[in-house]
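Residue-level listing of the chains:
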Amino acid sequence: MPRELPSFDLVVATVGRTDELGRLLASLEAQAYPRLRVVLVDQNDDRRVADVVAGRALEVVLLPSRRGLSRARNVALERVSADLVAFPDDDCIYPPGLLTRLGERFAADSSLDGLTGRAADVSGHHAASWKKEAARLTEDNVWNRAISFSIFLRGRVVEQVGPFDERLGLGSDEPWGSGEEIDYLVRAVRSGARIEYDPTLVVQHDLRENDAPIGFRDGASVGYLLRKHVYPARTVGRMLVRPLGGALVAVARLDGAGARYQVATLRGRLRGYFGARRSNSSA
């Protein structure tokens, strides 16, 4: 007798988008997955999300929230109850059959607590930083093996880890405008969760431009995480040296934009690491 596929709650925080959100919801409808619910957190001040959701062949729980990605996800986490929880961006696309493939993996391995995959655009292009080999996640290797919309966790893990750190993520009140998912995974693996990275699991998302402001933002978030989770000095040193090396390579290639991005990343990591120490000391 075939195993019953586990249920999914998909936590989606949205603000300012309609066409992209509609595209995501259409890709979820196309999954034809039998046990699927979307917990959609609306951070808009109008009815645009209700209009996009109307008439969809999906079970949707629509919740309001103040702006802030981690804040919105925490609103949703109070309502999740499924076997599996995921966090798709409102502008990503789930390829056909993804949820069935995931459901079958989890159903076949009760000791598996989570899976992560990688991102690629609709043409299959992806950032060079994604690792090619499958691996079990650890606090040391998590950095290039997950992004929010490619994380799939058992509900029991989400219940154990608890809410997202609202100091992290887009729309937070702090300079650490990303990295909330890495923080979440570090907390999960430190709790003993077995989470596997599978690079053949792909979620479609437009590739972003790596400009200097993004480098500083992401770098600051990494620095904050290194301080928050008390990473050893050798890890901190490695994470600081890496963008410095990248800047030197970019300069050798006469890549001015790449050099500026790497330098901004280094500045951000320093800001996050030492800024987080000051914040924690004064708390």
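Placed above this text is the structure.
Here the residue numbers are simple positions, counted from 1 along each chain's written sequence. Local features are withheld for residues below a pLDDT of 70 in this predicted model, meaning they are given only at 70 or higher, and side-chain atom pairs are given and counted only at 80 or more; totals for whole chains, interfaces and linings count all residues. Side-chain figures throughout are based on the complete set of non-hydrogen atoms in the structure, without hydrogens or water.

Draft legend 1. Here's a closer look at the sheet that holds strand E7 (residues 151-154). Strands are treated as partners if at least two bridges between them are detected by DSSP. Helix and strand definitions follow DSSP, with helices as H or I runs of at least four residues and strands as E runs of at least two, each counted in order from the N terminus. Taken together, the eight strands give an open sheet; going across it, the order is E3-E2-E1-E4-E7-E5-E8-E6, and neighbouring strands pair in mixed fashion. Looking along the sheet, the strands with just one partner apiece sit at the ends: strand E3 (59-64) and strand E6 (135-136). Here strand E5 (residues 114-120) runs beside E7; their pairing, made up of three bridges, is antiparallel. The residue of E7 that forms the bridge with Thr 116 is Ile 151.

Draft legend 2. Region of interest: the pairing of E7. When accessible area is computed with a 1.4 Å probe and restricted to protein chains, residues below 20% of their type maximum are described as buried, those above 50% as exposed, and intermediate ones as partly exposed. What you see with E7 is no split at all: Ile 151 and Leu 153 on one side and Phe 152 and Arg 154 on the other are buried throughout. Of the strand pairs in this sheet, strand E4 (residues 84-86) and E7 are connected by three bridges, and their pairing is antiparallel. Considered in E7, the bridge of Ala 86 is made with Phe 152.

Draft legend 3. Region of interest: the side chain of Ser 65. As for its position among the elements, Ser 65 is in the loop between E3 and helix H3 (69-77). Ser 65 sits in the buried class, given a relative accessible area of 15%. What makes two residues a contact is simply this: any of their non-hydrogen atoms within 4.5 Å. What Ser 65 contacts, discounting residues up to four positions off in sequence, is Val 41, Asp 42, Gln 43, Arg 71, Ala 72 and Val 75.

Draft legend 4. Region of the structure containing helix H8 (residues 233-252). In a helix, the anticipated span is given by 1.5 Å times the number of residues less one. Along its 20 residues, H8 runs 29 Å from first to last C-alpha, staying within 8% of the 28 Å computed at 1.5 Å per residue. The complete set of buried residues in H8 reads Thr 235, Val 236, Met 239, Pro 243, Gly 246, Ala 247 and Ala 250. One side of H8 holds all its buried residues, which, seen down the axis, span an arc of 130°. The outward face of H8, more than 90 degrees from its buried face, is lined by the exposed residues Ala 233, Arg 234, Val 241, Leu 248, Val 251 and Ala 252. Positive phi appears at Leu 254, one or two residues downstream of H8, with a value of about 60°. Arc, as used here, means the arc of the directions from the helix axis to the C-beta atoms.

Draft legend 5. Inspection of helix H7 (residues 212-228) at higher detail. For H7, spanning 17 residues, the distance from its first C-alpha to its last is 24 Å, which sits close to the expected 24 Å at 1.5 Å a residue. When H7 is considered as a whole, its buried residues turn out to be Ile 214, Gly 215, Asp 218, Gly 219, Ala 220, Ser 221, Val 222, Gly 223, Tyr 224, Leu 225, Leu 226 and Arg 227. In protein, a polar contact requires one atom able to donate a hydrogen and another able to accept it; more generally it is a pair of N or O atoms within 3.5 Å, and residues adjacent in sequence count only if both atoms are side-chain atoms. The backbone nitrogen of Ile 214 lies 3.1 Å from a side-chain oxygen of the residue at the head of H7, namely Asp 211. Val 230 sits one or two positions beyond H7 and adopts a positive phi of about 50°.

Draft legend 6. Structural context of the pairing of E5. Of all seven residues making up E5, seven are buried, and the element is well covered by its neighbours. Relative to strand E8 (residues 195-204), E5 runs parallel, the two sharing six bridges. Within E8, the residue paired with Ala 119 across the bridge is Val 203.

Draft legend 7. Structural detail: the environment of Glu 181. Mapping Glu 181 onto the fold places it in helix H6 (residues 180-190). For the pair formed by Glu 181 and Ala 135, sequence separation is 46 residues and the distance between their alpha carbons is 18 Å.

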